[in-house]
Amino acid sequence: EAGVAQSPRYKIIEKRQSVAFWCNPISGHATLYWYQQILGQGPKLLIQFQNNGVVDDSQLPKDRFSAERLKGVDSTLKIQPAKLEDSAVYLCASSVEPGQGEAFFGQGTRLTVV
Amino acid sequence: GNSVTQMEGPVTLSEEAFLTINCTYTATGYPSLFWYVQYPGEGLQLLLKATKADDKGSNKGFEATYRKETTSFHLEKGSVQVSDSAVYFCALSEWGAGKSTFGDGTTLTVKP
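Residues numbered from 1 in each chain as written. Chains lettered and ligands numbered in written order. Predicted model: local features only at pLDDT ≥ 70, side-chain atom pairs only at ≥ 80, totals over all residues. Heavy atoms only, no water.

S.K.: Please set out the interface of chain B and chain A residue by residue, giving values where relevant.
M.R.: At the junction of the two partners, chain B supplies 23 residues and chain A supplies 22 residues. Summed over both sides, the interface of chain B with chain A buries roughly 1,700 Å², with 49% coming from carbon and sulfur. Contact with chain A buries surface across chain B, with B:Leu44, B:Lys99 and B:Phe102 losing the most and accounting together for 27% of the total. On inspection of chain B and its partner chain A, the count reaches two salt bridges. Here chain B is connected to chain A by nine residue pairs in polar contact (both at pLDDT 80 or more). For the side of chain B that touches chain A, the secondary structure elements donating two or more residues are β5 (32-38), β6 (44-50) and β10 (86-93) of chain B. A per-element tally of the side of chain B that touches chain A places β5(B) first, with four residues. Residue composition of the side of chain B that touches chain A, grouped by class: eight nonpolar, 10 polar and five charged. (Contact = heavy atoms within 4.5 Å. Buried area = accessible area lost by both parts, 1.4 Å probe. Salt bridge = Lys/Arg side-chain N within 4 Å of Asp/Glu carboxyl O. Polar contact = N/O pair within 3.5 Å; in protein donor to acceptor, adjacent residues only side chain to side chain. Helix = DSSP H or I, 4+ residues; strand = E, 2+ residues; numbered from the N terminus. Nonpolar A, V, L, I, M, F, W, Y, C, P; charged D, E, K, R; others polar.)

Encoded structure:
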């Protein structure tokens, strides 16, 4: 079974530029999560989708971050404009359903904002 | 709100030593508890889980018991190997919510 796919693996941009990350979850997984992991910290939820609807985006900085999951499959997370403090690893995860909470994670995209 | 506190690292052990990584949590309900592991250059992988009080999760020689009375979920392994070197994250999730709250991770280095 293929795992959660993310791209790109690494991205370096200048502040105030825009960037987009892509995630393809495991086939059949209805729930998709985007987490932000700052160096030395644990992942923190940015947004959770159930199929193509948003379940929780309470921690998403909506003035600069946006995410969509069209057709309830793959998803895109965008940052515009980027700030230095956005430097982090962006993790995508998926699960069959919310259920007990365990999730399958992709390898992440490491973003460096200079 | 929910929170997870892990013992600070890094932890350095010799091969075959006993491992304990402490984890305590605060939650409004009765969450499921997890340990995830992140090997160098890889994503997080679920190591083990427990869904109710007194449950013991186990995998690859690692164990953790859900202790409701002490709100703890400590990770243990009797004899670590070099290949266990990784970052370990404790996490909780309320039933049906899906999202997880993570600790800040503990880096384990095992030396031959």
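From this point, the narrative continues.
S.K.: Before we move on, could you go through the layout of surface pockets and cite the residues and values that matter?
M.R.: Approximately 630 Å³ is the volume attributed to the largest pocket. Lining of the largest pocket is provided by 34 residues; of these, A:Gln37, A:Leu39, A:Val89, A:Arg110 and B:Gln38 occupy positions nearest its centre. Elements with a minimum of two residues in the lining of the largest pocket: β9 (88-95) and β11 (109-113) of chain A together with β10 and β12 (106-111) of chain B. Of the residues in the lining of the largest pocket, the class split is 14 nonpolar, 16 polar and four charged. Put simply, the second largest pocket is a space of about 310 Å³. Lining the second largest pocket we find 14 residues, and of these A:Lys44, A:Leu45, A:Gln59, B:Ser100 and B:Thr101 sit closest to its centre. The set of elements that each furnish at least two residues to the lining of the second largest pocket consists of β5 (44-50) of chain A together with β1 (3-6) and β11 (101-102) of chain B. (1 Å grid on protein atoms, 1.4 Å probe; cavity = no way out; pocket = protein on both sides within 12 Å on 5 of 7 lines; lining within 4 Å. Points joined across faces, edges and corners; volume = space filled by probe spheres on them.)

S.K.: Please set out the side chain of A:Ser94 residue by residue, giving values where relevant.
M.R.: Residue and element names in this part refer to chain A. Note on placement: serine 94 falls in strand β9. Judged by its relative accessible area of 0%, serine 94 is buried. For serine 94, the side chain forms a polar contact with the side chain of histidine 29, separated by 2.8 Å. The contacts of serine 94, once residues within four sequence positions are left out, are Val4, Pro25, Ile26, His29, Thr31, Leu32, Tyr33, Ala103 and Phe104. (Buried < 20%, exposed > 50% of the residue type's maximum accessible area, 1.4 Å probe, protein only.)

S.K.: Lay out the state of the cysteines in plain terms, naming residues and giving numbers.
M.R.: Within this structure, the stated rule accounts for two disulfides over all chains. A:Cys23 shares a disulfide with A:Cys92; S-S distance 1.9 Å. Taking the sign of the torsion about the S-S bond as the criterion, the disulfide between A:Cys23 and A:Cys92, at about -70 degrees, is left-handed. With A:Cys23 in strand β3 (residues 19-24) and A:Cys92 in strand β9, the pair connects residues that are 69 residues apart, well separated along the chain. A:Cys92 shares its class with A:Cys23; the two are buried. One disulfide in the model links B:Cys23 with B:Cys90; its S-S distance is 2.0 Å. Linking B:Cys23 and B:Cys90, the disulfide has an S-S dihedral of approximately -70 degrees and is accordingly described as left-handed. In this pair, B:Cys23 is assigned in strand β4 (residues 23-26) and B:Cys90 in strand β10, connecting sequence segments 67 residues apart. The pair B:Cys23 / B:Cys90 is uniform in exposure class, with both members buried. (Disulfide = S-S within 2.5 Å.)

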